Amino acid sequence: MKSYGIFILFFLLFSACSKPREQVVAPWGEEVEMAGETEASVEDETFDLDQIEHSGELIALTISGPNTYYDYHGRPFGLHAMLCQQLADTLGVQLRMEVCRDTAELRSRLSQGDADLIAYPMLPADSASPGWVVASGKQQLAERISQWYSPDLIEKTLAEEQQLQKAPYVQRKVFAPMLNRQGGIISRYDALFQRYCQPIHWDWRLMAAQCYQESTFDPNARSWAGARGLMQIMPQTADHLGLDRSKLGDPESSIAAAARYLAELEGTFADIHDHRERQDFVLAAYNGGAHHIRDAMALAQRDGRNAHRWSDVSVYVLRLANPQYYQDPIVKNGYMRGSETVDYVRLIRQRYQQYRGVRASQPTSSSPQRSRNGKHREKFSVN
């Protein structure tokens, strides 16, 4: 908490006004006039709280960073993003975060009516306290924010973020990495891996290794971010892949959908001609997002490294947690917790090496999944 001390003291002021000039409205009632005039049109100014609630979406602008906003397994993290999510939940709408390069872009896009507010500490004129900025004309939204906000929200949100970061991402039963080593059976789902890996030309044992990393072969595994099933597919990803959310826990549906997603990512990285190298990039994108991997590739290429070799690019995936890199103009998608993604690829490759001696066979679907001591394990584990 200490690292946030000064930041907390000067955190939250809000601005909004139906007049051409914006005002900062503090939660405790203080108003500070903002310098400069807005360029919002009359139509933008009428899109206040009622229209936001009717549209079902709150649009917030921010700048990427570990304390402001980053996407972690499809969920907004960072103090400002998490507070903004709480605000959206209070309003009963979805949150859409739009990342800008700098404060000049934040102001420009807000004035053009691209968003409802800036969820980033902006320093207004005539005030030493930075805070959020609500678009001109959205007086109802500004008033609702002032009613919603209380100083203890910051401390509670920081505590929640730390708790989530320390907690196991996935809750699952931990099964042995091989169902029957002597019989050459990795899992009760081997036949499904074999079937759905054929169209994407993957060794089924690599997908089995990925599945173990995702869920340890537990079809009931769930993450606090909302991912479910053997392949830990997020509900939004399921929608994209045409998988009914009610079937996220179904083993075959999960494996089939994951194979479709892997095929899609194979196309995304089709410029990487070496099949083995491309698989590492696909695995990394499955975990951390293709957009972040592309940022790391751009950095590697700029620095004269091989952007199509994972050993070179993974260095920059790690560096995307450093402001020197995630704030670089060449980076389009900001901050990333890259260590998890690099470990994800490494651990899957290690598991795959252990599985490579297993030949394709038809496991008995009725065989119960057991640990080495013959009993089901009930404890939880992390990735």
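Notes on the structure in this doc start here. Just so it is clear, the structure is predicted and the values come from calculations on it, not from any experiment.

1. Details of the overall build of the chain
Link 1 in the chain: Each helix and strand in the chain was counted, giving 16 helices and eleven strands.
Link 2 in the chain: In the chain, which comprises 383 residues, the proportion classed as buried is 52%.
Link 3 in the chain: Counting only contacts in the chain whose residues sit at least 6 apart along the sequence, the fraction spanning at least 24 positions is 65%.
Link 4 in the chain: Just so you have it, the chain exposes about 17,800 Å², and 47% of that area is on carbon and sulfur atoms.

2. Brief notes about helix α14 (residues 310–319)
Link 1 in the chain: For α14, the set of buried residues is Trp310, Asp312, Val313, Ser314, Tyr316 and Val317.
Link 2 in the chain: Where α14 is buried, its residues meet α12 (275–288), α13 (290–302), α15 (323–326) and α16 (338–355).

3. A few points about the packing of helix α8 (residues 190–197) against helix α11 (residues 251–268)
Link 1 in the chain: One way to put it is that α8 packs onto α11 with a least axis distance of 10 Å and a crossing angle of 30 degrees. Comparing the axis directions of α8 and α11 gives the class roughly parallel. Read as a crossing pair, α8 and α11 show a hand that is right-handed. Residues Leu192, Phe193, Arg195 and Tyr196 of α8 lie in contact with α11, whose contacting residues are Pro251, Glu252, Ile255, Ala256 and Ala259.
Link 2 in the chain: Residue composition of the contact of α8 with α11, by class: seven nonpolar, no polar and two charged.

4. Quick notes on the nonpolar core
Link 1 in the chain: With 68 residues, the main nonpolar core has Phe193, Met207, Met231, Ile233, Phe269, Tyr286 and Ile293 as its most contacted residues.
Link 2 in the chain: Among all residues touching phenylalanine 269, those that are not within four sequence positions of it are Arg278, Phe281, Val282, Ala285, Ala290, Ile293, Arg294 and Met297.
Link 3 in the chain: Counting 27 residues, the second-largest nonpolar core is a separate cluster that includes Leu79, Leu83, Ala119 and Val134.

5. Remarks on unusual backbone geometry
Link 1 in the chain: Despite not being glycine, threonine 216 shows a phi value in the positive range, around 50 degrees.
Link 2 in the chain: Even without being a glycine, phenylalanine 217 presents a positive backbone phi close to 65 degrees.
Link 3 in the chain: Here phenylalanine 217 is to be found in the loop between α9 (204–215) and β11 (222–223).
Link 4 in the chain: Phenylalanine 217 gets classed as buried once you look at its relative accessible area, which sits at 0%.

6. Notes on the pattern of salt bridges
Link 1 in the chain: Within the structure shown, the criterion is met by 19 salt bridges.
Link 2 in the chain: A salt bridge links glutamate 53 to arginine 144, with the nearest nitrogen and oxygen atoms 3.8 Å apart. On the criterion of sequence distance, the pair formed by glutamate 53 in helix α3 (residues 49–55) and arginine 144 in helix α6 (residues 139–148) is long-range, its members being 91 residues apart.
Link 3 in the chain: Looking at glutamate 53, the relative accessible area reads 31%, which means it is partly exposed.
Link 4 in the chain: Given the relative accessible area of 27%, arginine 144 is considered partly exposed.
Link 5 in the chain: A salt bridge links aspartate 312 to arginine 305, with the nearest nitrogen and oxygen atoms 3.4 Å apart.

7. A few points about the sheet that holds strand β8 (residues 117–122)
Link 1 in the chain: Spatial ordering of the open sheet is given by β7-β4-β8-β9, a layout of four strands whose pairing is mixed. Pairing within the sheet leaves two strands with one partner each, and these edge strands are β7 (94–100) and β9 (131–134). Strand-to-strand twist across the sheet, computed as the mean angle between neighbouring axes with direction ignored, equals 30 degrees.
Link 2 in the chain: Strand contacts of helix α5 (residues 103–111): β4 (57–63), β7, β8 and β9, with the helix running at about 150 degrees to β8, the strand carrying the most contacts.
Link 3 in the chain: α6 contacts β4, β8 and β9 of the sheet and is inclined by roughly 150 degrees relative to β9.

Cut-offs applied
Residues numbered from 1 in each chain as written. Predicted model: local features only at pLDDT ≥ 70, side-chain atom pairs only at ≥ 80, totals over all residues. Heavy atoms only, no water. Helix = DSSP H or I, 4+ residues; strand = E, 2+ residues; numbered from the N terminus. Buried < 20%, exposed > 50% of the residue type's maximum accessible area, 1.4 Å probe, protein only. Contact = heavy atoms within 4.5 Å. Areas by Shrake-Rupley, 256 points an atom, 1.4 Å probe, with all protein chains shown as cover. Axes fitted to C-alpha atoms, helices over the stretch in contact; angles between N-to-C directions. Parallel < 35°, antiparallel > 145°, perpendicular 65-115°, else oblique. Left-handed = near helix turned anticlockwise from the far one by under 90°. Nonpolar A, V, L, I, M, F, W, Y, C, P; charged D, E, K, R; others polar. Core = buried A, V, L, I, M, F, W, Y, C linked by side-chain atoms within 4.5 Å. Salt bridge = Lys/Arg side-chain N within 4 Å of Asp/Glu carboxyl O. Pairing = 2+ DSSP bridges.

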